[in-house]
Amino acid sequence: MDERVREHAETLVDWSARIEAGDDVVVSVDEGTHDLAVAVAEALGERGANVTTVYASEEVQRAYLRAHDGEFDEDPAHELSLYENADSVLSLGGGRNTAATADVPGERTQRYGRAREGIREARLATDWVSTVHPTRSLAQQAGMAYAEYEEFVYEATLRDWESLAEEMDQLKQILDDGEEVRIVNEGTDLTLFVDGRTAVNSAASVAYDSHNLPSGEVFTAPYDTAGVVTFDVPMTIRGRDVRDVKLTFKDGVVVDWEAAQGADVIDEIIQTDGGSRQLGELGIGMNRGIDRPTGRILFDEKMAGTVHLALGRAYDANLPDGESGNDSAVHVDLITDMTGDSRLAVDGEVIQRNGVFRWEDGFEG
């Protein structure tokens, strides 16, 4: 086995999920992730955890959703109990076809998601972590040779996370102390209000309220939004290509939207429920091991020199105790490139210009 796979597994189990002896762990194994699953199982066994594995295939999911009549039972007990009794859920992403669910009717996907809100909440209540194992389908989606994509994945994943956490803490403190964030870019002039919210230093560990490996972002949950934003980083959402999405906000709600490609996907998302018309997240990418978009949100939203906004659910880690944030059955990220003629300001002070933070070499004040 490639030693990088073992290092990936050990990083996931020790740094990211902080697994201890006796922990009850669910490992979700996607197609093409066998080697990583073996390495993760070995690491979990060495640490004395209790392991249950589940098979997570988008092709299997497609078959089920297309065959079903759409009247889904709400939170089936056998599935709900699995996550209610788990300490951690480790999701190993991969897949054979990145467009496997492209022909599933959008309404059916929405109904399925709404019927499993309790299951989703139970999973999110665990120390869950999602990661990606390099597969040929993901390499093809990213436009890379397989060996090249492997290098890319491990460059993004096997980092000095403690050092990056220290750097990202500078941005966390700025956002925690700030009230108003303004994003200005080509086709974008958006103001977001974040006072009273807590930013998360997403350093790829549950110890930082961070649940992705790789990670490398700082994110918070705006409670109000005004203006217009254009998302120019190409994405694949629900198996379909999405390009150049433009959203207009008034009083915190999307009032107009369009897209050069994939407008039907954006329409499905926004029409999901009341919360899907509002933002649940403002995230700022800081992982310089991710240097290009790949069509996989786990990587792309962490890319240094980008900002992403998520329609839908807000994370509890960003909210004051006792306060409910934006609630929705969806959480869909969209990304804008900040490396051109752009600026990111907090309370009127520019903290990033043209993708460079004020504490980095090359920052233009």
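Within an unreviewed UniProt entry, the label attached to the protein reads Aminopeptidase, and the organism entered is Halosimplex litoreum.

A.B. asks: Account for helix 2 (residues 34-46), naming residues and giving values.
C.D. replies: The first and last C-alpha atoms of helix 2 sit 18 Å apart over 13 residues, in line with the 18 Å expected at 1.5 Å per residue. Along helix 2, the residues classified as buried are Leu 36, Ala 37, Ala 39, Val 40, Ala 43 and Leu 44. Projected down its long axis, helix 2 shows its buried positions confined to an angular sector of 165°, all on one face. Turned more than 90 degrees away from the buried face of helix 2, the exposed residues are His 34 and Glu 46. In this structure, the buried side of helix 2 is in contact with helix 1 (3-16), strand 1 (24-30), strand 2 (50-56), strand 3 (88-93) and strand 4 (129-132). Just downstream of helix 2, Gly 48 is the residue with a positive phi angle, here 75°.

A.B. asks: Outline the nonpolar core, listing residues and values.
C.D. replies: Ranked by size, the top nonpolar core spans 83 residues in total, and within it Val 40, Leu 44, Tyr 149, Leu 247, Leu 309, Leu 311 and Leu 334 carry the most contacts. Top element by residues in this core is helix 9 (residues 161-177). It accounts for seven residues. Those residues in contact with Leu 309, other than ones at most four positions away along the chain, are Leu 190, Leu 192, Val 229, Phe 231, Leu 279, Glu 281, Leu 282, Val 332, Asp 333 and Leu 334. Grouped together as the second largest cluster of nonpolar side chains are nine residues, Tyr 83, Val 89, Ile 119 and Leu 124 included.

So, how was this worked out
- Residues numbered from 1 in each chain as written.
- Predicted model: local features only at pLDDT ≥ 70, side-chain atom pairs only at ≥ 80, totals over all residues.
- Heavy atoms only, no water.
- Helix = DSSP H or I, 4+ residues; strand = E, 2+ residues; numbered from the N terminus.
- Expected span 1.5 Å × (residues − 1).
- Buried < 20%, exposed > 50% of the residue type's maximum accessible area, 1.4 Å probe, protein only.
- Arc of directions from axis to C-beta.
- Contact = heavy atoms within 4.5 Å.
- Core = buried A, V, L, I, M, F, W, Y, C linked by side-chain atoms within 4.5 Å.

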